[in-house]
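Spelled out, the chains give:
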Amino acid sequence: MSRLSENWQQVHRRISAACQSSGRTEAPLLLAVSKKHPAEKVAALAALGQVHFGESYAQEGVEKIKQLAHLSLVWHFIGPIQSNKTKLIAEHFDWVHSVDRPKVLQRLSDQRPAGHQPLQVLLQLKVGEEVSKSGADVATLKDMADWAAKSASIELRGVMCIPPPSPDHATQLAYLRQAKVVFDDLRQQHPKIDTLSMGMSQDLAAAIEAGSTCLRVGTDLLGPREY
Ligand SMILES: *Cc1c(COP(=O)(O)O)cnc(C)c1O
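None of the values given here were measured: they were computed from a predicted structure.

A.B. asks: In this structure, what is going on with the overall build of the chain? I would like to understand it.
C.D. replies: The number of helices and strands found in the chain is 9 helices and 8 strands. Its C-alpha atoms give the chain a radius of gyration of 17 Å, within 12% of the compact-globule value 17 Å for 227 residues. Principal-axis analysis of the C-alpha atoms gives the chain an extent of 50 × 40 × 30 Å. For the chain, the residues scored as buried account for 51% of the 227 residues in total. Once local pairs closer than 6 in sequence are excluded, the contacts in the chain between residues at least 24 apart make up 59%. Total accessible area computed for the chain in this model is approximately 10,800 Å², and 51% of it derives from carbon and sulfur atoms. For the chain, the centre of its 26 positive side-chain charges and the centre of its 24 negative side-chain charges are spaced 2 Å apart.

See the structure below:
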């Protein structure tokens, strides 16, 4: 069996086990984070049945999207967004997880080409106290959600977070549960939101326990990043 298919099965086993131990009947969506991996590897994973892929660098992602346009894949942008990259993202991606300020939200909305499906948007919540961490505070997130709900070229789908890395399950859980509280609260105002994107290779089990609906796994699926 190839390395890739072993990884794929292993990750699915971990997801099933975590779902079972936290009493969840529906598994979260699995997003394969393919940043810094070549298009051939994405194609190999797609051949195993993987549909959703995540990219963190606009230019690199768009190149892969073009190379793999013959496959019916769904592409998620999950990296930090510079204002001068919003057009590229709005023109090529299906989802954006990392919208963390109003200016970026407005540009994505304005630059989504007519005739495309609405861009599926998650708002990135700041979790943890480090000043350098990206993400919006709760008040800004709520303002952005209200704005997004009125845009015809954007469909607001939920919340994403990247908690500070910690090897400790209890610490991971505490951060992830903060995001779940904000997500549930936002859903009171915006009942159609359905996506809470959290959980990476290291905190996958805790994220499932905390209520993630979308896991973003890179290393444990595709191995160490190649370039
Ligand atoms: C790289 C990245 C991931 C995947 O991380 P791994 O530790 O390789 O699983 C998930 N989410 C975001 C936002 C990333 O940038």
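Read on for the rest.
A.B. asks: How should the nonpolar core be read in this particular structure?
C.D. replies: Nonpolar side chains tend toward joint burial in soluble globular proteins. Ranked by size, the top nonpolar core spans 61 residues in total, and within it Val99 and Leu221 carry the most contacts. Leave out the neighbours within four places in its chain, and Leu221 touches Leu4, Asn7, Trp8, Val11, Leu30, Ala32 and Leu45.

A.B. asks: I keep staring at the site of the ligand and nothing clicks. Help me out?
C.D. replies: Neighbouring the ligand are the residues Val33, Lys35, Ser56, Ile78, Ile162, Met200, Ser201, Arg216, Val217, Gly218, Thr219 and Arg225. In this structure, a nitrogen atom belonging to the ligand sits 2.9 Å away from a side-chain N or O atom of Arg216. Expressed as a share of its isolated accessible area of 390 Å², the protein-covered part of the ligand is 89%. When grouped by side-chain class, the residues that make up the shell around the ligand number 5 nonpolar, 4 polar and 3 charged.

A.B. asks: Would you explain unusual backbone geometry in this entry?
C.D. replies: With the exception of glycine, the majority of residues adopt a negative phi angle, and the majority of peptide bonds are in the trans configuration. At Lys36, a residue that is not glycine, the phi angle is positive and equals roughly 65°. Within the secondary structure layout, Lys36 lies in the loop between strand 1 (29–33) and helix 2 (39–47). Residue classification places Lys36 among the partly exposed residues on the basis of a relative accessible area of 25%.

A.B. asks: Could you clarify how one ought to interpret the packing of helix 5 (residues 102–111) against helix 6 (residues 138–149) in this entry?
C.D. replies: Working note: a packed helix pair is described by the angle between its axes plus the distance between those axes. Interhelical geometry of helix 5 versus helix 6 gives an angle of 15° and a closest axis separation of 10 Å. Classified by the angle between their axes, helix 5 and helix 6 sit roughly parallel to one another. The chirality of how helix 5 crosses helix 6 is right-handed. Residue-level inspection shows Pro102, Leu105, Gln106 and Ser109 of helix 5 in contact with helix 6, the latter providing Thr140, Met144, Trp147 and Ala148. The residue makeup of the contact of helix 5 with helix 6, split by class, is 5 nonpolar, 3 polar and no charged.

A.B. asks: It is not clear to me how the packing of aromatic side chains should be interpreted in this structure. Could you clarify?
C.D. replies: Overall, the coordinates contain 2 aromatic pairs when judged by the stated rule. Each ring, one from Phe53 and one from Trp75, has its centre 5.7 Å from the other, and the planes form 35°; the classification is tilted. Taken as a pair, Phe53 in strand 2 (residues 52–55) and Trp75 in strand 3 (residues 74–77) lie far apart in primary sequence, 22 residues in all. The residues Phe53 and Trp75 share a single accessibility class, namely buried. Taking NZ or CZ as reference, Lys36 lies 4.6 Å from the ring centre of Tyr57, over its face.

Each value, and the rule that gives it
For every chain, the first residue of its written sequence is number 1, and the numbers climb from 1 along that sequence. Thresholds applied to this predicted model are a pLDDT of at least 70 for local features of residues and 80 or more for the giving and counting of side-chain atom pairs; totals over whole chains, interfaces and linings are not thresholded and use all residues. Hydrogens and waters are ignored; side-chain quantities use all the structure's heavy atoms. For helices the rule is a DSSP run of H or I covering at least 4 residues; for strands it is a run of E covering at least 2, with both sets numbered from the N terminus onward. Two things to know: the radius of gyration comes from C-alpha atoms, and the globule rule equals 2.2 Å times the number of residues to the power 0.38. Using a 1.4 Å probe on the protein chains alone, a residue whose accessible area is under 20% of its type maximum counts as buried, one over 50% counts as exposed, and one in between counts as partly exposed. Two residues qualify as a contact provided that any one of their heavy atoms is within 4.5 Å of a heavy atom in the partner residue. Accessible surface area values rest on a Shrake-Rupley calculation with a 1.4 Å probe, where residue burial reflects the displayed protein chains alone. We treat Lys and Arg as the positive residues and Asp and Glu as the negative residues; His and chain ends play no part in the count. Every charge is mapped to an atom, namely NZ of Lys, CZ of Arg, CG of Asp or CD of Glu. What we call a nonpolar core is a set of buried Ala, Val, Leu, Ile, Met, Phe, Trp, Tyr and Cys residues that are connected through their side-chain atoms within 4.5 Å. To be near a molecule or strand, a residue needs just one of its heavy atoms within 4 Å of it. Any pair of N or O atoms that falls within 3.5 Å is considered a polar contact. Within protein, one atom must be able to donate a hydrogen and the other to accept it, and sequence-neighbouring residues count only if both atoms are side-chain atoms. Polarity classes work like this: nonpolar for Ala, Val, Leu, Ile, Met, Phe, Trp, Tyr, Cys and Pro, charged for Asp, Glu, Lys and Arg, and polar for all others, with Gly in that last group. Here, axes are lines fitted to C-alpha atoms. For helices the fit covers the stretch in contact, and angles between N-to-C directions go from 0 to 180 degrees. Just so you know how the angles are binned, under 35 degrees is roughly parallel, over 145 roughly antiparallel, 65 to 115 roughly perpendicular, and the rest oblique. The handedness criterion is simple: a crossing whose near helix is rotated anticlockwise from the far helix by less than a right angle is left-handed, and one whose near helix is rotated clockwise is right-handed. Any pair of Phe, Tyr and Trp rings, taking the six-membered ring for Trp, is counted once the centres come within 6.5 Å. Such a pair is stacked with planes under 30 degrees apart, edge-to-face with planes over 60 apart, and tilted for the rest. Here, a charge over a ring means that NZ of Lys or CZ of Arg falls within 6 Å of the ring centre while also lying within 35 degrees of the ring normal.

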